[in-house]
Amino acid sequence: MSYSLDNEVFRGLALYGGMTIVKLAAMAPLTAFYRITRGAFANAEDAKSHGADTPDKAKALMKSNDDVERVRRAHLNDLENIIPFILLALLYVGTNPDVGTALLHFKVFFFSRLLHTLVYVGKIRQPARGLCWMIGYGTMLSMAYRLIQAARL
């Protein structure tokens, strides 16, 4: 077992974990895009930089918007799930897991998070978002179980 790209499991984590982190990082510019296109800013200076030349106009642009809030909540949910996944996956790689099983965990988690965001931002009705979340969370639980089993003293 090694943490190098010569290790197929680690290479899989580098690929799918890396794509998952890129997806997480993409949420900030997506939030900015929604703020700009919906005219819903969090700060007066942001509102002023987008045409609010008086305090009243700035205040009018400092409003909540459902679309912006959806993206923000999806981003927060990513933070709550992707960071633990990456940490858990790094430990899991250290157990020298079966390549196919490990890659399946990494792929399923990545696609569940991608679909979670698309479903959340796209306003697709429940239970779609909940199922996407449960699949990703179940993947983490499976890795955690395998990690604990391998690490038992």
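Look a little higher up for the structure.
Computed from a predicted model, the values in this text were never measured in an experiment.

## Section: the overall build of the protein
When you go through the protein residue by residue, the secondary structure sums to six helices and zero strands. In the protein, the succession of α and β elements from N to C terminus is α-α-α-α-α-α. Relative to the 2.2 N^0.38 estimate, which gives 15 Å for 153 residues, the radius of gyration of the protein is 20 Å and therefore markedly larger than a compact globule would have. Counting only C-alpha atoms and orienting by the principal axes, one finds that the protein spans roughly 65 × 35 × 25 Å.

## Description of unusual backbone geometry
Of all residues except glycine, most have a negative phi; of all peptide bonds, most are trans. Going from Q126 to P127, the amide bond is cis rather than trans, its omega being 15 degrees. Its place among the elements puts P127 in the loop between α5 (99-121) and α6 (128-151). Notably, N96 is not glycine yet its phi reads approximately 55 degrees, a positive angle. As for its position among the elements, N96 is in the loop between α4 (66-93) and α5.

## Re the packing of aromatic side chains
Any two aromatic rings considered together are summarised by their centre-to-centre distance and by the angle between their planes. This structure, assessed with the given rule, holds eight aromatic pairs. Judged by centre distance (5.8 Å) and plane angle (80 degrees), the rings of F33 and Y34 are edge-to-face. F33 sits in the partly exposed class, given a relative accessible area of 46%. Residue classification places Y34 among the buried positions, given a relative accessible area of 14%.

## A word on the packing of α4 against α5
Contact geometry of α4 with α5 gives a least axis separation of 10 Å together with a crossing angle of 175 degrees. Taken as axis vectors, α4 and α5 run roughly antiparallel relative to one another. Across the interface between the two elements, R70, V71, R73, A74, N77, D78, N81, I82, F85, A89, Y92 and V93 of α4 pack against T101, A102, H105, F106, F109, R113, H116, T117, Y120 and V121 of α5. Considered class by class, the residues forming the contact of α4 with α5 number 12 nonpolar, six polar and four charged.

## As for α4
At 3.6 residues per turn, the α-helix brings residues three or four places apart onto the same side. The end-to-end C-alpha separation of α4 is 39 Å, in line with the 40 Å expected for 28 residues at 1.5 Å each. For α4, the N-terminal cap is N65; the gap from its side-chain oxygen to the backbone nitrogen of D67 is 2.8 Å.

## Focus on the side chain of R35
Along the chain, R35 falls in helix α1 (residues 8-38). Despite being buried, R35 has no salt bridge partner; E69 is the closest side chain of opposite charge, sitting 4.8 Å away.

## Examining the environment of A58
By secondary structure assignment, the location of A58 is in helix α3 (residues 55-61). Note: C-alpha distance between A58 and A32 (26 residues apart in sequence) is 17 Å. In this view, A58 contacts A44, A47, K48 and A52; residues no more than four positions away in its chain are not counted.

## Re the nonpolar core
Of all hydrophobic cores here, the largest spans 21 residues; its most connected members are L13, F85, L88, A89, V93, F106 and M143. Listed by contribution, the elements that provide at least two residues to this core are α1, α4, α5 and α6. Broken down by element, this core gets its largest block of residues, seven residues, from α4. With residues up to four places along the chain from it excluded, the contact list for M143 reads F85, L88, A89, Y92, H105 and F106. If you look at the next biggest cluster of nonpolar residues, it comprises eight residues, including M27, V68, V71 and V121.

Conventions we followed
Residues numbered from 1 in each chain as written. Predicted model: local features only at pLDDT ≥ 70, side-chain atom pairs only at ≥ 80, totals over all residues. Heavy atoms only, no water. Helix = DSSP H or I, 4+ residues; strand = E, 2+ residues; numbered from the N terminus. Rg over C-alpha atoms; globule rule 2.2 N^0.38 Å. Phe/Tyr/Trp six-rings, centres within 6.5 Å; stacked < 30°, edge-to-face > 60°. Buried < 20%, exposed > 50% of the residue type's maximum accessible area, 1.4 Å probe, protein only. Axes fitted to C-alpha atoms, helices over the stretch in contact; angles between N-to-C directions. Parallel < 35°, antiparallel > 145°, perpendicular 65-115°, else oblique. Contact = heavy atoms within 4.5 Å. Nonpolar A, V, L, I, M, F, W, Y, C, P; charged D, E, K, R; others polar. Expected span 1.5 Å × (residues − 1). Polar contact = N/O pair within 3.5 Å; in protein donor to acceptor, adjacent residues only side chain to side chain. Lys, Arg positive; Asp, Glu negative; His and termini not counted. Salt bridge = Lys/Arg side-chain N within 4 Å of Asp/Glu carboxyl O. Core = buried A, V, L, I, M, F, W, Y, C linked by side-chain atoms within 4.5 Å.

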